Structures are given as structure tokens and as C-alpha cells.
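# Examination of the molecular architecture
The primary structure of each chain is shown beneath.
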Amino acid sequence: MDTLVQALINGIAVGGFLTLMVLGFSIIWGVMGVINFAHGEFIMVGAYMAWFARSEWGIEPLYSALPIFMIMFVVGFILQKLVVNKVIDRPHLVSLLVMFAASIIMSNSVKLIAGADFRRVNSDIQKGFWELGDLATIPRKHTVVLAVALVVLIALQTFLQRTRLGKSIRAAAQNRQAAQIVGIDIKWVYAFTFALCIGITAMSGALTSTIIPVFPFMGPPWALRAFVITALSGLGSVKGTLGAAMFLGILESLVATYAPGNSGSQLAVITAFGLLVLTLVVRPQGLFGGLRPVESGAH
Amino acid sequence: MKSTTKRVLQGVGLGLGCLLLVGLLVLPLFERGNDSTLFTLTLLLASIGTAISWNLTGGFTGYVDFGHAVWFGIGAYTTGVLMSNESDWIPQQWPLVPALIVSAIFTALVANLVGRLTMRLSGPYFSIAMLGFFVFFREVVRVMGGLTNRGVGLTIEPVINRPLWYYVTLIFVLVLVYLSWWLRRTRFGASLIAIREDEIGAEMRGIDTTRNKVMIFTLSGAITGLLGAMWAYQNTFLDPDIAFVEVRTIDAVMGTMLGGLGTVAGPIIGMAFLFVLRELLWTQESLLQTHLIVQGLLLGAVVIYLPKGLMGLVRGEVKLLDRFRKRTSTFEGMEAAVLDDEVLDEAAGELETEVSR
């Protein structure tokens with residue numbers, strides 16, 4: 001019983017930071033139809049910025065997260081204007097390969113600048129545990145990320161549902177031509193969406209740098225989890241992302257806890273990707289239904 | 001382009017190709033052709049072979065496989081399990097040739113099963129599902145227990161004969177080049193191109209698209225599996241991290257894109273170009289760290305400015321200057337499909353004869 005409760009708590013904790021990590025990926029795909037293959041690398045860059053801020057100036061990742069968000073917002077805006085804009089109308093292979101090239105460039109540049117060593121960011125706020133009687137312990141560092149994730153989630157949902165720009169974004173996702181006809185500045189919408197998502201992604205990297213090891217090639221496993229969660233939740237669905245991230249977090253945690261021997265982490269990965277393939281084959285539109293009407297799937 | 005220029009270019013290309021081939025054939029006779037050079041070249045040939053087989057699905061059919069290295073790994077591991085005595089399930093050591101054959105057949109079987117599932121997906125979903133399968137199989141090998149020695153690794157008794165394997169790989173790659181040249185001229189090959197250009201249209205015109213897709217996917221998997229099996233035998237040691245490497249997929253995709261997607265010569269030219277570039281960067285001490293960054297920049301530039309790769313440049317199909325002169329908005333106009341007129345005509349002709357029959 002104790003192990004079950006602990007496994008569930010761990011799963012929710014992992015689900016929390018997965019949600020924050022995946023939102024940006026899911027929305028870029030949903031709104032712009034671009035698969036951000038360099039997603040993991042944006043997480044990595046955010047994590048490295050937090051590490052730098054902590055080791056050079058002693059700033060807590062929780063506090064450096066906002067400046068990192070703003071810096072990467074600008075970076076994302078410029079990147080969208082310079083690169084993504086060029087490939088957005090080409091076949092999906094082109095944008096996929098361009099982002100793939102971006103991921104190679106980013107991870108190797110960071111390796112060149114900061115070295116390939118594993119880093120872990122220490123934090124005074126995100127440290128220690130709360131004990132839940134004799135039952136289980138709740139890691140404090142995860143809880144902070146979960147709280148931020150929920151705040152971002154609610155803010156994002158409100159933004160998309162209530163504001164004019166948010167509505168334009170949703171309109172652009174549903175039908176670009178129609179959105180243009182009614183006078184939505186699609187270029188601005190795309191640039192803003194991309195910038196916002198890159199900002200959130202880098203921020204998630206900054207906050208989780210206290211939890212996961214930071215190194216130049218840390219990106220791909222997280223990008224792959226982003227695929228899994230997005231496949232489960234449907235493109236660009238904010239609520240779906242939360243649900244799917246929690247589902248994956250708890251599932252991986254349960255598998256890792258109850259797996260025989262010490263094969264837990266491998267079996268967790270197998271479960272995640274088995275799930276990915278199964279969802280894609282059985283229900284390519286996702287389980288929750290997203291922003292974008294599904295134009296491609298099984299046939 | 002004028003047909004005479006085209007013929008001249010073709011002649012020059014063929015001549016250069018023949019010259020290179022003769023050079024490769026006589027290389028082991030010379031001092032320079034020592035074992036380490038030969039092994040490097042054998043690996044280059046194997047990656048050319050992988051790129052050619054990737055091009056069969058990625059280039060001809062337009063299904064971009066982001067987990068292609070999985071077949072290399074499965075082929076390598078099958079040979080490893082059969083030929084090593086460290087596998088608990090099959091402790092006896094098989095002879096080489098049956099092991100290679102079984103590896104190719106086994107990889108083909110797995111590719112067929114996987115293809116039946118994933119080839120129904122379209123666009124990015126296929127790419128991602130294949131990436132998922134790649135990671136999936138690597139972890140499966142790690143937890144397979146007795147069969148694969150728990151991911152610790154398998155050792156094959158080393159019998160080193162570099163010149164022999166160099167020639168075997170060279171001949172195999174030549175066969176692959178011929179195969180992909182010939183395939184493009186068959187009705188089957190034309191149907192694949194038709195699937196790439198307009199899948200629903202192809203299906204309406206009576207092509208059994210799913211069957212053809214799965215067939216080419218199986219073939220492509222089997223080829224890469226055999227290359228992996230041959231690599232495992234020469235490398236004499238394998239574990240999940242060196243048998244299932246993302247870089248093999250990256251190389252195959254990059255080489256093919258550089259050379260020209262869906263062309264016969266593309267993967268060869270692209271891989272050779274990449275190889276030379278890498279060697280150049282590696283000899284420069286200061287550039288050692290940057291070679292992947294350069295490669296990334298190159299890939300980005302090629303994809304954006306040279307979507308038909310070096311082959312397109314040679315054929316003069318991409319008017320580089322025009323791109324700068326005439327700046328069209330990316331938001332107007334239709335999708336720039338990667339079309340090849342000649343091939344389209346060919347495919348259309350094939351279909352017409354089929355219909356008129």
C-alpha cells in the first residue's frame with residue numbers, strides 16, 4: 001500500500017513537470033502544423049541558462065525562470081521570423097528536417113561552450129521532502145514545478161479562450177485561410193505563438209534543471225515524451241496535455257516501481273513507446289481532441 | 001534543360017563514377033589500402049547502402065522514416081545472438097552465411113509486421129511512430145534477458161579479413177544501386193512514386209497502395225538488416241548502444257537529402273560528400289569540435305535552399321539565383337511539392353497503360 005501511494009505521488013510529480021515541458025511542443029504543432037524536432041534542445045538551453053544563473057550569480061531557478069522565459073520569447077520570435085517562416089508552407093518533411101538541423105546545431109554549440117559534463121542545479125527552495133505520515137514522502141522540488149505548471153496552464157487556457165489574440169491563435173489553428181479572410185494577421189499570430197511556446201519550454205527546462213541531469217544531449221528523450229503525450233492528448237489541447245502527461249507520469253512510475261529486478265527504467269521506456277505506437281495506430285487524433293481538426297491519420 | 005547538355009552531364013557523371021569504381025576496386029592492392037583504410041571505407045559503403053535503402057521508402061514512397069537504424073540494430077543483434085556463445089537461448093555458434101541469411105529474413109519479418117502497423121499512418125505520424133519503434137526495440141533488447149545477454153553485449157569470435165569484407169560490401173552496394181535504378185523503371189517503382197505524389201489518386205487508379213508500401217518497407221528493412229548483420233560480424237562486439245544508434249538514421253536522412261531525395265545517385269553522392277566533409281573537418285584540430293554544427297547548418301541550408309539536393313543542382317532544376325531575385329511570400333501560393341517531371345510522366349504513362357488494359 002505504501003509503495004502504491006508513493007508510486008502514485010511520484011507519478012503525479014513527474015506528470016507535473018512533463019505537462020510544463022510538453023505544452024509548447026503541443027501548441028506549436030497544433031497551431032502552426034510544425035513539428036518542433038528541436039523541442040528537447042530548447043528545454044536543454046533553458047536548463048543551461050538556469051545552471052549558469054545559479055552557479056555564477058546564485059539566483060534560484062524559480063526566480064531566473066521568468067527572465068529566461070522573456071529572453072527565449074525574443075529568441076523564439078527571431079527564430080520564427082528567420083527560419084520557421086521559410087518552411088511553414090512546405091511539406092512536413094522540410095520543417096521536420098530544418099528543426100532537426102536546429103537541434104544538432106544547438107546541442108553541439110552548447111557542448112562547445114559549456115562542455116559535455118553532467119550538471120545538476122542546486123536549489124534551496126526546491127529541496128527536501130514533506131512527509132505524509134508514515135505513508136509516503138512528497139518531493140518539494142517537484143511540487144514547485146507542479147504549482148508553476150498549473151499556474152501556466154490556467155493562464156494559457158484563459159489567454160486562449162478569453163483574449164482577442166488567443167482567439168486569433170485558435171482560429172488560425174482551425175482554418176488558416178478563413179482566419180486570414182476575416183482579417184487576422186497570421187504572420188503575427190504565428191510569430192507570437194512560436195515565441196510564447198519557446199519561452200514556456202525554456203522556462204520548463206529552467207525549473208526542472210533541479211530535478212533532471214543537465215547535459216548537452218539531454219533533449220531527445222524529453223522530445224520523444226513530448227511526442228507520446230501530444231499523440232495521446234491531441235494537438236494543441238491544453239487540458240488534454242495535463243491529462244496525458246499525468247497519465248504517462250503515473251504509468252511510468254507504476255511500471256518502474258513494480259517491474260521485476262532492476263529493469264524498471266527500461267520497462268518504463270518500453271511502456272511509453274508502446275503506448276505511443278498503439279495510440280498512433282488505433283487513434284491518431286488523440287484521446288482528448290485538440291485545437292486542430294485532424295487532417296491526417298489512418299486511411 | 002537542353003538534352004545535349006543533359007547527355008554531356010550524364011556522360012561526365014558516368015565517367016567519373018566508373019573511374020571512382022575502378023579506384024575502389026584496385027585500392028586493396030596498394031600500400032594505402034591498409035586494413036584501417038579498408039575498414040573505414042567498408043563502413044562508408046555500409047552507410048551508403050543504408051542511405052540507399054532509406055531512400056526506397058523515404059525518397060520513392062515519400063514516407064520519411066526517422067527510426068531506420070532500428071533495422072540495422074535488429075540485423076546486427078540477430079547475427080550476434082546466432083554467432084555468439086554468450087546468448088543463453090542459442091549458445092551454439094552458427095556458421096556465418098546461414099546467420100546472415102537468417103538475420104536478413106528475420107529483419108524482413110519484423111519490418112513487415114511493423115510496416116503493416118505504421119504504413120497506415122500518414123505524414124509526420126509515420127515518422128514519429130518509427131522513431132518510437134527505434135527506441136522501443138533498443139530497450140527491448142536491453143531487457144530481453146538470456147537471449148541478448150541483458151544488454152551487456154555479445155562478442156563474436158573475430159575472424160578479421162578486411163579486404164574480403166571490403167569487396168563483399170562494395171559488391172553488395174553495387175547490387176543495391178542497380179536494384180534501386182531498376183526498381184524505378186518497373187511498374188512497382190512507378191506505383192511508389194505515384195503514392196508519393198498523390199496517394200489517394202494512386203489508390204483510386206487501382207494501385208494497392210498499402211500492399212506496395214509494406215512491400216518496399218520490408219525490402220528496405222531487409223537490406224539494412226543484412227548490412228547490420230555484416231557490420232556486427234566485422235565489429236565482433238555489439239551492445240544496444242552501438243547497435244542502435246540515432247546517428248545511422250541521421251546520416252541516412254542527411255546523405256539522401258544532400259544528394260537528392262528520390263534519385264538513384266542521390267544517396268551515394270550525398271554520403272560521399274558528407275564523408276569527405278567530415279574527414280576535412282576532422283583533420284583540422286580547431287574544427288574537430290565544430291563538425292556536427294557545420295553539418296547541421298549545411299542540412300538546414302540544403303533543406304531550405306536546395307530541396308532537390310546536389311542532384312537537383314547538377315540537373316539545373318533549382319535556379320538558385322531566382323530564389324534571391326524573386327522573393328515570394330511564404331504564405332501565398334501552394335505547397336512546393338518536391339516533384340520530378342520526368343518521373344511523374346513516367347508514372348502517369350504506366351498508369352495509363354494499366355488503365356487502357
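Residues numbered from 1 in each chain as written. Chains lettered and ligands numbered in written order. Predicted model: local features only at pLDDT ≥ 70, side-chain atom pairs only at ≥ 80, totals over all residues.

## Comments concerning the overall build of chain B
Our working definition: Strands are runs of DSSP state E lasting at least two residues, helices are runs of H or I lasting at least four, and both sets are numbered from the N terminus onward. A residue pair is marked as a contact if its C-beta atoms, positioned from the backbone, fall within 7 Å.
For chain B, the count of helices and strands is 16 helices and two strands. Across chain B, contacts joining residues at least 24 apart in sequence account for 78% of those joining residues at least 6 apart.

## A closer look at the overall build of chain A
The line we're drawing: Three exposure classes are used. Buried residues have 20 or more other C-beta atoms within 10 Å of their own C-beta, exposed residues have 12 or fewer, and partly exposed residues fall in between, all C-beta atoms being placed from the backbone.
The helix and strand tally for chain A stands at eleven helices and two strands. Per-residue burial for chain A yields a buried fraction of 54% across its 299 residues. For chain A, the share of sequence-separated contacts (at least 6 apart) that also reach a separation of at least 24 residues comes to 79%.

## With respect to the nonpolar core
Residues and elements named next belong to chain A. Let me state the cut-off plainly: Note on terminology: a nonpolar core is a set of buried residues of type Ala, Val, Leu, Ile, Met, Phe, Trp, Tyr or Cys, with members joined through C-beta atoms within 7 Å.
If you look at the biggest cluster of nonpolar residues, it comprises 191 residues, and the most contacted ones within it are L97 and V228. With 15 residues, the single largest contributor to this core is helix α1 (residues 2–32). Setting aside its immediate chain neighbours within four residues, V228 contacts L248, A272, L275 and L276.

## Focus on the packing of helix α9 (residues 219–233) of chain A against helix α10 (residues 238–258) of chain A
All names here are of chain A. The criterion, for reference: Fitted lines through C-alpha atoms give the axes, limited to the stretch in contact for helices. The angle between two N-to-C directions lies from 0 to 180 degrees. Throughout, the term roughly parallel applies to angles under 35 degrees, roughly antiparallel to angles over 145, roughly perpendicular to angles from 65 to 115, and oblique to all others. Less than a right angle of anticlockwise turn of the near helix away from the far helix marks a crossing as left-handed, whereas a clockwise turn marks it as right-handed. In this classification, Asp, Glu, Lys and Arg are treated as charged, Ala, Val, Leu, Ile, Met, Phe, Trp, Tyr, Cys and Pro as nonpolar, and every other residue, Gly included, as polar.
Interaxial distance between α9 and α10 falls to 8 Å at its minimum, and their mutual angle equals 120°. Considering the angle they form, α9 stands oblique to α10. Both α9 and α10 take part in a crossing whose hand is right-handed. Where α9 approaches α10, its residues R225, V228, I229, L232 and S233 are matched on the opposing element by G240, T241, G243, A244, A245, F247 and L248. Considered class by class, the residues forming the contact of α9 with α10 number seven nonpolar, four polar and one charged.

## A few points about the interface of chain A and chain B
Taken residue by residue, the interface counts 41 residues in chain A and 39 residues in chain B. Listing elements by their share of the side of chain A that touches chain B, those giving two or more residues are α3 (61–87), α4 (92–114), α8 (186–208), α9 and α11 (264–282) of chain A. It is α4 of chain A that contributes the most residues to the side of chain A that touches chain B, 13 residues altogether. Taken together, the residues of the side of chain A that touches chain B break down into 27 nonpolar, ten polar and four charged.

## Some details on the environment of G166 of chain A
All names here are of chain A. With respect to the helices and strands, the residue G166 is situated in helix α6 (residues 164–174). The class of G166 is partly exposed, set by 16 C-beta atoms lying within 10 Å. C-alpha of G166 to C-alpha of L156: the two residues are ten residues apart in sequence and 8.7 Å apart in space. With near-sequence residues (within four places) excluded, G166 lies in contact with F159, L160 and Q161.

## What to know about unusual backbone geometry
Residue and element names in this part refer to chain B. Notably, T236 is not glycine yet its phi reads approximately 60°, a positive angle. Examined against the element boundaries, T236 turns out to sit in the loop between α9 (209–235) and β2 (237–238). Using a count of 16 C-beta atoms within 10 Å as the deciding quantity, one classes T236 as partly exposed.

## So, the packing of helix α2 (residues 39–57) of chain A against α3 of chain A
All names here are of chain A. Interaxial distance between α2 and α3 falls to 10 Å at its minimum, and their mutual angle equals 130°. Judged on the interaxial angle alone, α3 and α2 are oblique. Both α2 and α3 take part in a crossing whose hand is right-handed. When α2 is examined against α3, the residues G46, M49, A50, A53 and R54 are found in contact with a partner set consisting of P61, S64, I68 and M72.

## As for the confidence of the model for chain B
A low pLDDT means the predicted coordinates there should not be read in detail. Residues and elements named next belong to chain B. To be explicit about the condition: pLDDT is defined as a per-residue confidence score from the predictor, taking values between 0 and 100.
Of the residues in chain B, 83% have a pLDDT of 70 or more, and the chain-wide mean is 79. The lowest-confidence element of chain B is helix α15 (residues 320–325), averaging 44 in pLDDT; the highest-confidence one is α9, averaging 91. Here residues 318–339 scores under 50 on pLDDT; set against residues more than four positions off or in separate chains, the count is 25 contacts. This complex was scored by the predictor with a pTM of 0.78 and an ipTM of 0.75.

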